[in-house]
Amino acid sequence: MARILILEDDTTFAQLLEGFLTKNGHEITLVTHIKQSFKLIENQEFDLLLIDYRLPDGIGFELITHTRNLGIFTPIIIMTSFNDVRTAVKSMQMGAFDYITKPVNPDELLMVIKNSLAKKDSQDIKAEDTDSDFIKGKSAIADRLYEHIALVAPTDMSVIIQGESGTGKEFAARTLHQQSKRSGKPFVAIDCGALSKDLAASELFGHVKGAFTGALNDKKGQFEAANGGTLFLDEVGNLSYEVQIKLLRALQERVIQPLGSTKQIAVDVRIITATNDDLLNSISEGEFREDLYHRLNEFKIQLPALRDRGRDLELFINHFIGLSNRDLNRNVKSISPEAKAVLLNYDWPGNLRELSNVIKRMVLLTPGDVAQLSALPDEMMISVNQQTLPGSSSDLKAVNEQNEKAIISETLIKAKYNKSKAAKMLNIDRKTLYAKMERYGIE
Ligand SMILES: Nc1ncnc2c1ncn2[C@@H]1O[C@H](COP(=O)(O)OP(=O)(O)OP(=O)(O)O)[C@@H](O)[C@H]1O
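Owing to the predicted nature of the structure, the values given are computational and were not obtained by experimental measurement.

Q: What am I meant to see in the overall build of the protein here?
A: The helix and strand tally for the protein stands at 19 helices and 18 strands. In the protein, the proportion of contacts linking residues at least 24 apart, taken out of those at least 6 apart, comes to 70%.

So, in structure tokens, the structure goes:
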């Protein structure tokens, strides 16, 4: 028995389907509009969504995007007229499992449903143990990101993921793999930034015993380990020129040659790469091969910096509080308004990784249920104070005052609010410090 949500505006046809599928042991919920279906999937669990393509308030694609953005991977079958088949194929690239053309043949429908449910079972395990600590976000920029991921995932295109440090490039690469046809095969991640020049080639392509000093045994490379699946090369800009040549050859000819071996080994690997910086600069400086770049860049995904993700920041703060409560056995339920203001105004150069660390520390330092400003690192407050300085103001007096205020706050934090010590560090006497603190409203 499966719980099936049917989204179909032709009510006579929908009731026919309901009768037929109920007879075949399924539990059916009927809706006629996309908006109603959004509400239902947010609040109830379904095993399958059976949706019409053209609906009174939009097209079926919207439900696919919405469910995938919510991190729900329930199988979706699109029902479409023969004329819309091309669009239905596109819907599969966006994450629908299958489509069926109208008029619907009952036996075909049962078969498609059976196949989709079987695929769902094989995906559930992965969704459980790899995705539960991750969220996608709800900003427009996150919507676009996951739309691109859903579009390119099922293809075999090489993808470059570009983004600042800690923006979630590895998570995006894993998502691409999980949504691809290769999901049942290995996902192998290599941090090229951590590989020494000498070891990179052996790590990627393997070596035979005696290939170089220290090669005591044959070793399989990661290309072979990822065979049939996906190889994720993080910080690909760090690979030496010689390894870049070998990599290009492996991609073009689909064979690798372990160091010291004359044997060629056929490999079928999809490559996803990530880089912090713009590889185009490295190309113009002659450090990265342009031909390899084009081979790797069949599709580019740009990961947004956390500071550009709007309301996602708050979602991530809450998400990480939940994870830290669980991991550290705490019960933080809210954040004081001052602490929240600092979290929301900080510019997060280390992105999600930095946020996750800051929240973990904050939760650890909060025995009660409200996190306070004192649980945040001093440097964050200094940085937020400095950001609010009027950078381009021409009012010299105001700029000086703002500077003075920021320096005093900063020094007080450094001196752990010991005013004699702070006065000494600022090279002023205690009385002057008190007067300035009062004038600038520093507590
Ligand atoms: N969507 C997400 N939801 C929750 N946590 C996330 C998400 N994406 C990334 N993270 C967390 O943020 C941190 C950084 O993620 P990840 O390693 O994928 O970033 P990266 O861009 O590859 O970093 P680097 O540039 O340092 O290689 C990790 O701790 C990861 O668990």
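Q: Looking at this model, I keep getting lost on the sheet that holds strand β7 (residues 98-101). Mind explaining?
A: The strands making up a sheet are joined through hydrogen bonds of the backbone, oriented either antiparallel or parallel. Strands sit in the order β2-β1-β3-β6-β7 across an open sheet of five strands; the sheet is parallel. Of all strands in the sheet, those bounded by a partner on one side alone are β2 (27-31) and β7. Adjacent strand axes in the sheet meet at a mean angle of 20°, parallel and antiparallel pairs treated alike. In the sheet, strand β3 (residues 48-52) pairs with strand β6 (residues 76-80) via four bridges, with the strands oriented parallel. Bridge pairing in β6 places I51 opposite I78. On the sheet, helix α1 (residues 11-23) packs against β1 (3-7) and β2 and is oriented at approximately 170° with respect to β2.

Q: For this particular structure, what's the right way to read the nonpolar core?
A: If you look at soluble globular proteins, the nonpolar side chains tend to sit buried side by side. The biggest cluster of nonpolar side chains holds 42 residues, and the ones touching the most others in it are I149, I161, L176 and F223. No other element matches helix α6 (residues 140-152), which puts five residues into this core. With sequence-adjacent residues up to four places away left out, F223 is seen in contact with L204, F205, L231, A250, I256, V267 and V269. Among the nonpolar cores identified, the runner-up in size contains 25 residues, and L21, I51, I64 and M79 belong to it.

Q: What is the right way to read the sheet that holds strand β15 (residues 270-275) from this model?
A: A sheet is described by the order of its strands in space; here five strands give the open sequence β9-β12-β15-β8-β16, paired in parallel fashion. Since the sheet does not close on itself, it has two edges, and those belong to β9 (187-191) and β16 (299-302), each with one partner. Between one strand axis and the next, the sheet turns through 20° on average, direction left out of account. Pairing between β9 and strand β12 (residues 230-234): five bridges, direction parallel. Residue pairing across strands places A189 opposite F232, the latter belonging to β12.

Q: Sorry, what's going on with the site of the ligand here?
A: Lining the immediate environment of the ligand, one finds 16 residues, of which F134, G168, K169, E170 and L352 sit closest. Broken down by secondary-structure element, the contributors of at least two residues to the shell around the ligand are α7 (169-178) and α15 (351-364). Its residues assigned to classes, the shell around the ligand shows five nonpolar, seven polar and four charged. Split by domain, the shell around the ligand shows at least three residues from each of two domains, domain 2 (143-302) and domain 3 (308-439).

Q: Could you clarify how one ought to interpret the environment of S165 in this entry?
A: Within the secondary structure, S165 sits in the loop between β8 (159-162) and α7. Separated by 111 residues in the primary sequence, S165 and N276 place their C-alpha atoms 6.0 Å from one another. The residues touching S165, leaving out its near neighbours within four places in the chain, are N276, G350 and N351.

Q: Whenever I open this one, α6 confuses me. Can you help?
A: The periodicity of an α-helix, 3.6 residues per turn, causes residues three or four positions apart to be oriented the same way. In a regular helix each residue adds 1.5 Å, so 13 residues correspond to 18 Å; α6 covers 19 Å between its end C-alpha atoms and thus fits that length. Of all the residues in α6, the buried ones are L145, Y146, I149, A150 and V152.

Q: Please explain the confidence of the model for the protein as it appears in this structure.
A: Averaged over all residues, the pLDDT of the protein equals 86, while 91% of them reach at least 70. Every residue in residues 122-131 scores below 50 in pLDDT, and together they form six contacts with partners more than four places removed in sequence or on other chains. What the predictor reports for the complex is a pTM of 0.62 with an ipTM of 0.98.

Q: Quick question: what am I supposed to make of the pairing of β15 here?
A: Working note: regular strand, side chains alternate between the two faces of the sheet. The buried fraction of β15 amounts to six of the six residues, a majority that puts the element mostly inside the structure. Alternating residues of β15 divide into R270, I272 and A274 and I271, T273 and T275, and every residue in both groups is buried. Here β8 pairs with β15 via four bridges, running parallel. By the bridge assignment, I161 is partnered in β15 with A274. In this sheet, β15 lies alongside β12 in parallel orientation, the contact comprising five bridges. In the strand pairing of β15, L233 is matched with T273.

Q: I'm lost on helix α19 (residues 430-439) in this one. Help?
A: Burial analysis of α19 places just one of its ten residues in the buried class, which makes it a mostly uncovered element. Of the residues flanking the end of α19, it is G441, one or two places downstream, whose phi is positive at about 65°.

Q: How should the pairing of β2 be read in this particular structure?
A: Alignment of β1 against β2, held across five bridges, turns out to be parallel. Within β2, the position partnered with L5 by the bridge is T29.

Q: Which parts of the structure should I look at to understand unusual backbone geometry?
A: Residue P103 follows K102 across a cis peptide bond; omega there is -5°. Here P103 is to be found in the loop between β7 and α5 (106-131). Positive phi outside glycine occurs at N427, with the angle close to 65°. According to the C-beta neighbour criterion, N427 is exposed, with 6 such atoms within 10 Å.

Q: Please clarify how the environment of S261 should be interpreted in this entry.
A: Looking at where S261 falls in the secondary structure, it is placed in the loop between β13 (255-256) and β14 (265-266). Each C-alpha atom of the pair S261 and A211 lies 7.8 Å from the other, and the pair is 50 residues apart in sequence.

What counts and what doesn't
- Sequence order as written defines the numbering, with residues in each chain counted from 1.
- Local features are withheld for residues below a pLDDT of 70 in this predicted model, meaning they are given only at 70 or higher, and side-chain atom pairs are given and counted only at 80 or more; totals for whole chains, interfaces and linings count all residues.
- Secondary structure elements follow DSSP: runs of H or I of four or more residues count as helices, runs of E of two or more count as strands, with numbering from the N terminus.
- Note on contacts: residues are paired as contacts if their backbone-placed C-beta atoms lie within 7 Å.
- At least two bridges found by DSSP between two strands is the condition for calling them paired.
- Only the stretch in contact is used when fitting a helix axis, every axis being a line fitted to C-alpha atoms; angles between N-to-C directions are given from 0 to 180 degrees.
- Working definition: the nonpolar core is a set of buried Ala, Val, Leu, Ile, Met, Phe, Trp, Tyr and Cys residues, joined through C-beta atoms within 7 Å.
- Partly exposed residues are those falling between the two cut-offs: more than 12 but fewer than 20 other C-beta atoms within 10 Å of their own, whereas 20 or more means buried and 12 or fewer means exposed, with C-beta atoms placed from the backbone.
- Note on definitions: a residue is near a molecule or strand provided its C-beta atom, placed from the backbone, lies within 6 Å of it.
- Lys, Arg, Asp and Glu make up the charged group, whereas Ala, Val, Leu, Ile, Met, Phe, Trp, Tyr, Cys and Pro make up the nonpolar group; the residues left over, Gly among them, are polar.
- For each domain, the first and last residues come from an automatic or database assignment.
- By this rule, a helix spans an expected 1.5 Å times one less than how many residues it contains.
- Per-residue confidence from the predictor is given as pLDDT, running between 0 and 100.

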